[in-house]
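Structural overview for review
The residues making up each chain are set out below.
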Amino acid sequence: MPKFLGLLPAHRRVAASLFLLPLACAAQDAANNEGLVRPEPSSLQRVEVVARQSATELRRAARQAKQIVGREELDRFGDSNILDVLRRQPGVSIGSDGPSLRGLSARYTQILINGDPAPAGFSIDQLHPAQIERIEILRTPTAEQSLQAVAGSINVILKNTPRRSQRSLQLTLNDGRKHLDPDLQLTVGESQGPLAFTLPVYFSDWEREYNRADIERRGLGADGQLALGQHHSRFVAWGVIANAAPRLNWELGPDHRLSLSAFLQKLNWNAGIDTQNRVITGQPPEIDDLDLHRDTYNRNAQASWSKGLADDQRLELRAGLQQSSWRLANQSFDDSGLRTRTLGSGRAEGLTQSGKYNRLLGEDHALSLGWDLERRELRERRDAVDANGQPLAGSFEGQPYEARVLRQAFYVQDEWELTPRWQLYLGLRHERIQTRGQAMGAGAAPLSASSRVNSPVLSFSHKFDARGRQLLRASLSRSYRAADLNLMLARPVVSVQFPHVEQANTPNAPDRLGNPALKPELATGLDVAYEHYGAGGAMFSLGLFHRRLEGVVRQVLSLRDVPWASVPRWVSEPQNFSNAQTSGLELEAKGRASDLLPQRWADSPTVRALSLRATFSAYRSRVQGLPGPDNRLDGQAPWTASFGFDQAVSGMPLTLGASLSLSPGYSTQLTENQRLDRSRTRVSEIYGKWQYNRQLSLRLTAKQGALPWGGPPNQISTQWLPDDAYNRTDRRATPNYALVIDMRL
């Protein structure tokens, strides 16, 4: 053991040792192989060839049903946020909690970074599209990756090292609140012999209006009678974000590689929400002005090593270190001045280690064994006080909190090409999660939860022709979703609208509380997909799916006695509410118009330069514990659709394009005493790109109907609550314009 490791605490010595394991293997193999003749590459290196194919070719060659967003789609609209790219993909919705698949809640969608679960404190919208190699949207799970993917997974593959020297610069100027807000993306890449290096750097400085909202609330007023109030709020946000994602690849020999990568980020986020209150009837409570500040630091590092042990064997080892820290300072104000103040800080640390052993059992038959180990620790402290400095939740406030999560997973998978046209996949994954946390409040029991899930996967694909232009895929799987740690913390968050706990609050503004007894949500799924690939990259796909869910989690609202207040309070708490089932149909078509309809448009030069794309998805769901007809899963619209085109203007270096996304209004019965109505949404985008030469292009974009930074669509929502109360919110944002200058240096 190196001497410096002895100076570290025990758990950090283990972390450092695991992280250095791939480095040690690489160094040992380099020494052992010095002066030896390198063997010829084995057939296991075929993934390197596939990785250079187009997005459509990668999708067709994949063993599992997936959609691939390649470089062309990432660049098309000049987006500076990955969520705007995802919004245009079939079956993807963007809500206030992030991206989701198949109309389900975002918690059912697993976010992966280079195939591994995203680290704690990381948000996918923190990545610039130029830092990404491609995005894989996986409809069906595999045993190799975590099966916490009830709806599917979004796998973000970060920028790989180039094969030759690379310099690129992208400057985006967004229409800010007072001036143009700059986004700067710089990528530097070098390749020299067996070494290749890339360094993408992103910087953004912004100040813009996030949204405006008209709110109408009916509920019990200060006199105990029904009251109605109207409120107009304006949400302005400003801040700075900077991140870097360096990566180094070292080819130690044929089928022998070491890769080192990191992700470093600093985010300063601030917001001010000013609200004008108007009394309609009675004595309704006012909505306070808010002043919000948060600083976040993310530091992640990963090492991976892979080597062909023989012509038919391969070993991969990966290890990662993750660290995230944050500080927040929030204040609320009414007409008389300061009302509440919340100060908090926290730190999360994680260690991951995984491995995979692959062996060919024949020319077209491979068996893989692997493991995933993860340890996460969370330490945080929060103090919420009123204007007099008194804690809002009594003894619960100001307590430092610590929690630990251990995840262990082992899997086996068998990939078999039965015939040139039939492929079979079998997988089994066992995953165990243990969560431990200290008690919150006097007399409370410490958090102690453990779950074990066995997840089998069976899938096959069939080629109707030798070239694989028509494919049928089917999969039967068992997936799950473990409860988030934040949902399990039995720490109350007192409503800022009713901070005095000796007084009652209302259903419109409940206190919030975690639930340590939450169990994982389990799902059994069936997926079937037909894919047809035409000439020139044209494609059509039809997908069907069905999921049966057990232990669906919902926020349940109730009036009850609580230890932090002297009177009963309305509390919102997550519970394993009921079982449910959902089914859906998803259609996608894209390609050049002349390839999609060759008999009609093949002879038109203008149409040959026109590309079209369209998607349509229809969903149905039913929660068993609620009466119909609107007992659907929360956030799942009955249908969604999108349409788009790109047209190269003849005789000019100009390309024009547009995109339109639609969803209808619908209602959801959340619980027996809560209902949510949502209005229809429309998000439209247009762009024009002028290609001066191979090194320089200029792109102008405009977006209408969605909040900035990849936010959810403009929408009117009405939440119906007990005691004849309701909240109606009309939240909207103004159109967003951007100028993108792209230079290949």
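Note that the structure is a prediction, hence the values are computed from the model and not measured.

1. Looking at the overall build of the protein
Along the backbone of the protein there are nine helices and 35 strands. Rg of the C-alpha trace for the protein: 27 Å, near the compact-globule value of 27 Å for 745 residues, within the 12% margin. Across its three principal axes, the protein shows a C-alpha extent of roughly 85 × 70 × 50 Å. Within the protein, buried positions represent 52% of all 745 residues. Across the protein, contacts joining residues at least 24 apart in sequence account for 67% of those joining residues at least 6 apart. Element-wise, carbon and sulfur atoms account for 55% of the exposed surface of the protein, whose accessible area totals about 33500 Å².

2. Focus on the confidence of the model for the protein
Looking at the protein as a whole, its pLDDT mean stands at 87, while 91% of the residues score no less than 70. Under a pLDDT of 50 for its full length, residues 1-51 has, in the predicted model, 63 contacts with residues more than four places off or in other chains.

3. Details of the environment of Pro499
You can see Pro499 is positioned in the loop between helix H6 (485-488) and strand S22 (511-512). The class of Pro499 is buried, set by a relative accessible area of 3%. Separated by 168 residues in sequence, Pro499 and Ser667 have C-alpha atoms that sit 31 Å apart. Those residues within four positions of Pro499 in sequence are excluded, and the remaining contacts are Arg339, Thr340, Leu392 and Val494.

4. Observations regarding a nonpolar patch on the surface
A cluster of nonpolar side chains, Leu426, Leu458, Leu476, Leu526, Val528, Phe540, Leu542 and Leu544, forms an exposed patch at the surface whose accessible area comes to about 620 Å². When contributions to the nonpolar patch are tallied by element, the ones reaching two or more residues are strand S23 (521-533) and strand S24 (539-560). Counting residues per element, the nonpolar patch draws most heavily on S24, which supplies three residues. By secondary structure assignment, the location of Leu542 is in strand S24. You can call Leu542 partly exposed: its relative accessible area is 30%.

5. Thoughts on the environment of Ala529
Note on placement: Ala529 falls in strand S23. Expressed as a C-alpha distance, the spacing of Ala529 and Ala589, which sit 60 residues apart in the sequence, is 13 Å. Once residues within four sequence positions are removed from consideration, Ala529 is found in contact with Leu471, Leu472, Arg473, Leu542 and Gly543.

6. Details of the nonpolar core
Counting residues in each nonpolar core, the largest one holds 33 residues, and the members touching the most others are Leu86, Ile124, Leu127, Ile135, Ile154 and Val156. Where this core is concerned, the elements lending two or more residues are helix H5 (82-87), strand S2 (92-95), strand S4 (109-113), strand S6 (132-138), strand S7 (152-158) and S24. Per-element accounting of this core gives the leading share, four residues, to H5. Discounting residues that sit within four places of it in the chain, Leu127 has contacts with Ser80, Asn81, Ile82, Ile113, Phe122, Ile132, Val156, Leu158 and Phe263.

7. Observations concerning the pattern of salt bridges
Under the defined criterion, the tally for this structure stands at 55 salt bridges. A salt bridge links Arg339 to Asp288; the nearest nitrogen and oxygen atoms lie 3.0 Å apart. Of this pair, Arg339 sits in strand S16 (residues 337-362) while Asp288 sits in the loop between strand S13 (256-281) and strand S14 (289-310), and the two are 51 residues apart along the sequence. The exposure classification of Arg339 matches that of Asp288, with both residues buried. Of the charged contacts in the structure, one is a salt bridge between Asp630 and Arg632, with a shortest N-O distance of 3.9 Å. Taken as a pair, Asp630 and Arg632 share a single burial class, namely buried. One network of salt bridges, in which partners are shared, links Asp372, Glu374, Arg376, Arg407, Arg429 and Glu431.

8. Observations regarding the packing of aromatic side chains
In total, this model carries ten aromatic pairs according to the counting rule given. Summarising the aromatic geometry, the rings of Trp206 and Trp709 are spaced 5.8 Å apart at their centres and angled 65 degrees between planes, so their arrangement reads as edge-to-face. In this pair, Trp206 sits in strand S10 (residues 195-220) while Trp709 sits in the loop between strand S32 (696-704) and strand S33 (715-721), placing the two residues 503 residues apart along the sequence. Judged by relative accessible area, which is 24%, Trp709 ranks as partly exposed. Consider the rings of Trp720 and Tyr726, whose centres lie 5.1 Å apart with planes at 50 degrees: the pair is tilted. Exposure remark for Trp720: the relative accessible area of 31% places this residue in the partly exposed category. An aromatic cluster is defined as three or more aromatic residues linked by ring pairs; in this entry it consists of Trp206, Tyr210, Phe235 and Trp709. One residue, Arg88, lies across the ring of Phe77, its end atom 3.9 Å from the ring centre.

So, how was this worked out
Residues numbered from 1 in each chain as written. Predicted model: local features only at pLDDT ≥ 70, side-chain atom pairs only at ≥ 80, totals over all residues. Heavy atoms only, no water. Helix = DSSP H or I, 4+ residues; strand = E, 2+ residues; numbered from the N terminus. Rg over C-alpha atoms; globule rule 2.2 N^0.38 Å. Buried < 20%, exposed > 50% of the residue type's maximum accessible area, 1.4 Å probe, protein only. Contact = heavy atoms within 4.5 Å. Areas by Shrake-Rupley, 256 points an atom, 1.4 Å probe, with all protein chains shown as cover. pLDDT = per-residue confidence, 0-100. Patch = residues over 30% accessible without salt bridge, like charges linked within 9 Å, V, L, I, M, F, W, Y side chains within 5 Å. Salt bridge = Lys/Arg side-chain N within 4 Å of Asp/Glu carboxyl O. Core = buried A, V, L, I, M, F, W, Y, C linked by side-chain atoms within 4.5 Å. Phe/Tyr/Trp six-rings, centres within 6.5 Å; stacked < 30°, edge-to-face > 60°. Lys NZ or Arg CZ within 6 Å of the ring centre and 35° of its normal.

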